[in-house]
Amino acid sequence: MSRNVYLVTGGAGFIGSNYIHYLFEKYAQVKVINLDKLTYAGNPENLNDLKNNPDYVFIKGDICDSTIVNRIFEEFKPDYLINFAAESHVDRSIGDAEDFIRTDMYGVYVLLEATRKYGLERFIQISTDEVYGSIESGSFTEESPLKPGNPYSASKAGGDRLTYSYFNTYQLPVIITRASNNYGPYQYPEKLIPLFVTNAMEDKSLPLYGDGKNVRDWLYVKDHCKAIEFVLKNGELGEVYNIAGGSEKENIEITRLILELMDKPESLIKPVADRIGHDRRYSLDSSKLHQLGWQPQHSFDVAMRETVQWYVDHQDWWKPLKSGEYLEYYKKHYPEGKSLT
Ligand code: NAD
Ligand code: DAU
């Protein structure tokens, strides 16, 4: 039986590394090429267990670099490309959008051009629910107009629509997914859940933006990985698929839950100035994917408990990340100390 070759870009980050683990758990025969620039968010430690596996190849490189991308296509002839590579943190995009435009738009162009030149079976662009913007009530379907509200989501919307244009113009075999907020192991501790869990563990304050009532729909990363693989195998070319967790929560609810699970006092909650242009609520209608046959399998309560426990058990993973570049970034953007004082 021939084995499939997956080119996973951005595979050293949070969702990409979970996806690579998922592939090796699911398939006895698979080859995975991970092309990752190793920005502050990329961490080869996430895949330490695979480093001696001959079917796993890590290549440090930039998706914006057509020379390296073309060489990978020539040498490994991937069947599938799943593009996770992105600048992914909204707060950073508000500080400086340049890398977001480069990677999340131009980088997608480079990958699409290589696909056009060499061909492959499926190109999956990992987009985001943020491209729709905020919604007060109801949920966005795949047909809803895009109205991204911050530089991160605008650059992702660019990559998303550019991918579609290569289907429409050149008949490239693309599929686009738009998922809601992920949580789980290996998430960089600048995002809400890992930041608050690790701060609570160190008895540091939890900086809650604005009134704490912004709503996000939480999707366990392992459910997301399964959904991506399901779409890759069953989705229709040129289509968009929403992937919702089905667990909408206000940030204050998440914050209280974390403190309760960790047996820490609510006095750690520190209301801070709101994020500029803060989207109030994200909500996805996932019925298109449900009709195709996918449902999330993990309950929020159980997966959240496991996630908190994972950070408790893996302090050696996140402690080094909350120093170095991370501290420099926070000192620059929050000179009075957002949370780390
Ligand atoms: P992450 O920031 O944890 O990881 C991004 C990875 O991409 C890192 O390993 C980084 O080194 C790599 N990377 C960045 N620029 C690169 C470049 N130019 N070339 C090669 N590699 C590069 O992000 P994540 O949370 O794992 O998100 C992965 C993807 O999923 C992103 O496209 C994001 O927009 C999308 N997404 C994320 C969520 C979420 O809740 N985290 C939800 C929906 C969609
Ligand atoms: O919705 C999908 C998106 O989810 C992905 O496309 C992004 O890559 C990912 O970063 C995430 O974006 P959010 O901005 O929703 O996630 P973040 O964890 O940064 O924030 C979640 C909510 O928590 C948001 O309303 C802002 C709030 N927040 C966040 C941080 C970091 C706080 O109140 N305090 C904080 O310190």
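Residues numbered from 1 in each chain as written. Chains lettered and ligands numbered in written order. Predicted model: local features only at pLDDT ≥ 70, side-chain atom pairs only at ≥ 80, totals over all residues. Heavy atoms only, no water.

1. With respect to the sheet that holds strand S11 (residues 248–250)
Reasoning step 1: Reading across from one edge, S7-S9-S11 is the order of the three strands in this open sheet, with mixed pairing throughout. Two strands lie at the open edges of the sheet, namely strand S7 (181–183) and S11, each paired on one side alone. When strand polarity is set aside, the average angle formed by the axes of neighbouring strands in this sheet is 50°.
Reasoning step 2: Pairing between S7 and strand S9 (residues 215–220): three bridges, direction parallel. Within S9, the residue paired with Asn 182 across the bridge is Leu 219. (Pairing = 2+ DSSP bridges. Helix = DSSP H or I, 4+ residues; strand = E, 2+ residues; numbered from the N terminus. Axes fitted to C-alpha atoms, helices over the stretch in contact; angles between N-to-C directions.)

2. Some remarks on the site of ligand 2
Reasoning step 1: Taken together, 23 residues lie around ligand 2, and Asp 129, Tyr 152, Asn 181, Arg 275 and His 278 are the ones closest in.
Reasoning step 2: His 278 is positioned such that a nitrogen or oxygen atom in its side chain is 2.7 Å from an oxygen atom of ligand 2.
Reasoning step 3: Contact with the protein chains removes 95% of the 690 Å² of surface that ligand 2 exposes when unbound.
Reasoning step 4: Taken together, the elements giving at least two residues each to the shell around ligand 2 come down to helix H6 (192–201) and strand S8 (206–209).
Reasoning step 5: Here the shell around ligand 2 is composed, by residue class, of nine nonpolar, seven polar and seven charged. (Near = heavy atom within 4 Å. Polar contact = N/O pair within 3.5 Å; in protein donor to acceptor, adjacent residues only side chain to side chain. Areas by Shrake-Rupley, 256 points an atom, 1.4 Å probe, with all protein chains shown as cover. Nonpolar A, V, L, I, M, F, W, Y, C, P; charged D, E, K, R; others polar.)

3. Remarks on helix H7 (residues 221–234)
Reasoning step 1: In this model, H7 (14 residues) spans 20 Å end to end at C-alpha, consistent with the 20 Å of a helix rising 1.5 Å per residue.
Reasoning step 2: Residues of H7 that are buried include every one of Val 221, Asp 223, His 224, Cys 225, Ala 227, Ile 228, Glu 229, Phe 230, Val 231 and Leu 232, and no others. (Expected span 1.5 Å × (residues − 1). Buried < 20%, exposed > 50% of the residue type's maximum accessible area, 1.4 Å probe, protein only.)

4. Here we look at the site of ligand 1
Reasoning step 1: By nearness alone, 28 residues border ligand 1, and Asp 36, Asp 62, Ser 88, Tyr 152 and Lys 156 come closest of all.
Reasoning step 2: In this structure, an oxygen atom belonging to ligand 1 sits 2.9 Å away from a main-chain N or O atom of Gly 13.
Reasoning step 3: Between a nitrogen atom of ligand 1 and a main-chain N or O atom of Lys 37, the distance comes to 3.1 Å.
Reasoning step 4: A total of 840 Å² of accessible area belongs to ligand 1 in isolation, and the protein chains cover 97% of it.
Reasoning step 5: Looking at the shell around ligand 1, the elements with two or more residues in it are helix H1 (14–26), strand S5 (122–128), helix H5 (151–170) and S7.
Reasoning step 6: If one sorts the elements of the shell around ligand 1 by residue count, S5 sits on top with three residues.
Reasoning step 7: Of the residues assigned to the shell around ligand 1, the class counts are twelve nonpolar, twelve polar and four charged.

5. Observations regarding the pattern of salt bridges
Reasoning step 1: Applying the stated criterion across every chain, the model contains 15 salt bridges.
Reasoning step 2: The residue Arg 92 makes a salt bridge to Glu 190 at a minimum N-O spacing of 2.7 Å. Of this pair, Arg 92 sits in helix H3 (residues 90–95) while Glu 190 sits in the loop between S7 and H6, and the two are 98 residues apart along the sequence.
Reasoning step 3: Judged by relative accessible area, Arg 92 falls into the buried class, the value being 9%.
Reasoning step 4: A relative accessible area of 3% places Glu 190 in the buried class. (Salt bridge = Lys/Arg side-chain N within 4 Å of Asp/Glu carboxyl O.)

Function cannot be inferred from these measures alone, as they are strictly geometric.
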